[in-house]
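Each chain, written out:
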Amino acid sequence: MGRKCLDYINDLNDYLDGELDPSLCEEIEKHIGHCENCRIMVDTMKQTVTLCREGKPEKLPAALEDKLGGILKARWEKKFGK
Amino acid sequence: MVKATFLNRFILYFYLMNESELIKKAQAGDFEAFSALVNASKNKIYALALKMTANPQDAEDIVQDTFLKAIDNIEQFRGESAFGTWLYSIALNQARAHLAKQKQTDLKPIEDYLPARSAEELHREGVVHLFDWKDPHQKLEDEQLRTIIDNAIAELPAKYREAFLLRYIEELSIKEISKIINESVASTKSRVLRARLALRDHISKALEDKYGTEVS
């Protein structure tokens, strides 16, 4: 039973991302039911992605926003003409 | 007021046409079509560049250089991927150039992220080696948590960081990422998994420290 932890770890992303074969999912869920380490591993890997997705979305700074159009326009005209 | 009107024209332009029509027009020399494509992707490119470099000035340079390179090479885009995916490839090349001077380390092998190498030790009745985070939001302030996460991402070697960000922040498929980073699907999958395990490991150690010293 112990070596199963090592076997499962390669499938954990597919399992957590809902991309694993249902029969393997069932096997992992059964294993998690009695393996506390793997239960914590699955839970904390899930939380890892959730935490990384949190926070306010980054926006282009206003100063660059203001000048970007002009910079791109100049390059565009150099390439395609006015 | 003038700027708002200018911006609104791009927004209107974008909604009146789909992406492939905009690309065709841009490739034919229509700057407004190109600007609509820029407006649709600039914040995402900036966010990716900022997470890759952890440096706002570098991220701004990457955004600017990405769109300049897109202009230079617009006719080479053949629509085999989404336009945004093509821009990500350019942006990541720019980011790699910015990170080239940093020493790149590799991550440990996947099996080393398990708490013990011995199966017997791992499954001894009642023995738990992994730290259980419970709900970090209940234990730490948002700002403390944000710092831990940002540090964890910043410490990932670049090739793992980009794979993780494209998969879980930009939500691209493994196949799309494999094309962007020019690796096989199997290798891309492995990078994403190792990045996630390394982040988990880093966050876990940081939370264990914080829970022990700052939380009653």
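Being a predicted model, the structure only gives us computed values, none of them experimental.

The subject of this paragraph is the overall build of chain A. From N to C terminus, chain A includes 5 helices and 0 strands. Helices and strands in chain A line up, N terminus first, as α-α-α-α-α. For chain A, the C-alpha radius of gyration of 24 Å lies well beyond 12 Å, the compact-globule estimate for 82 residues.

Residue and element names in this part refer to chain B. One finds A49, A91, F164 and L199 to be the most contacted residues of the largest nonpolar core, which totals 68 residues. Ranked by residues supplied to this core, first place goes to helix 3 (residues 31-53) with 12 residues. Residues from two domains meet in this core; each of domain 1 (2-96) and domain 2 (110-214) gives at least three. Apart from the residues within four sequence positions on either side, F164 is in contact with L156, V192, A195, R196 and L199.

On the chain B side, the residues contacting the 37 residues of chain A number 43 residues. Elements with a minimum of two residues in the side of chain A that touches chain B: helix 1 (3-9), helix 2 (12-16), helix 4 (36-53) and helix 5 (62-80) of chain A. The biggest single contributor to the side of chain A that touches chain B is helix 4 of chain A, with 12 residues. Residues that form the side of chain A that touches chain B fall into these classes: 20 nonpolar, 9 polar and 8 charged.

Glancing now at the domain arrangement of chain B. Residue and element names in this part refer to chain B. Along its sequence, chain B is carved into domain 1 (2-96) and domain 2 (110-214). On the side of domain 2, 13 residues touch domain 1, which itself brings 11 residues to the contact. For the side of domain 1 that touches domain 2, the secondary-structure elements that each account for two or more residues are helix 3 and helix 5 (83-99). The element best represented in the side of domain 1 that touches domain 2 is helix 5, accounting for 5 residues. Across the side of domain 1 that touches domain 2, the residue classes break down as 5 nonpolar, 3 polar and 3 charged.

This part is about the confidence of the model for chain A. Of the residues in chain A, 95% have a pLDDT of 70 or more, and the chain-wide mean is 89. Here helix 1 of chain A stands out as the least confident element of chain A, with mean pLDDT 75; helix 5 of chain A is the most confident, with 95.

Residue and element names in this part refer to chain B. By secondary structure assignment, the location of D135 is in the loop between helix 6 (119-122) and helix 7 (136-139). Given 8 C-beta atoms within 10 Å, D135 falls into the exposed group. When the C-alpha positions of D135 and Y113 are compared, they lie 21 Å apart, and in sequence the two are 22 residues distant.

Let's shift gears to helix 9 (residues 158-169) of chain B. All names here are of chain B. With 12 residues, helix 9 should reach 16 Å at 1.5 Å per residue; the first-to-last C-alpha distance of 15 Å fits that figure. The element helix 9 is extensively covered by neighbouring structure, given that 9 of its 12 residues are classed as buried. Those residues of helix 9 that fall on the buried side of the exposure criterion are Y160, R161, E162, A163, F164, L165, L166, R167 and Y168. A positive backbone phi angle near 55° is found at E171, which sits one or two residues after helix 9.

About the cut-offs
Residues numbered from 1 in each chain as written. Chains lettered and ligands numbered in written order. Predicted model: local features only at pLDDT ≥ 70, side-chain atom pairs only at ≥ 80, totals over all residues. Helix = DSSP H or I, 4+ residues; strand = E, 2+ residues; numbered from the N terminus. Rg over C-alpha atoms; globule rule 2.2 N^0.38 Å. Core = buried A, V, L, I, M, F, W, Y, C linked by C-beta atoms within 7 Å. Buried ≥ 20, exposed ≤ 12 C-beta atoms within 10 Å, placed from the backbone. Domains from an automatic or database assignment. Contact = placed C-beta atoms within 7 Å. Nonpolar A, V, L, I, M, F, W, Y, C, P; charged D, E, K, R; others polar. pLDDT = per-residue confidence, 0-100. Expected span 1.5 Å × (residues − 1).

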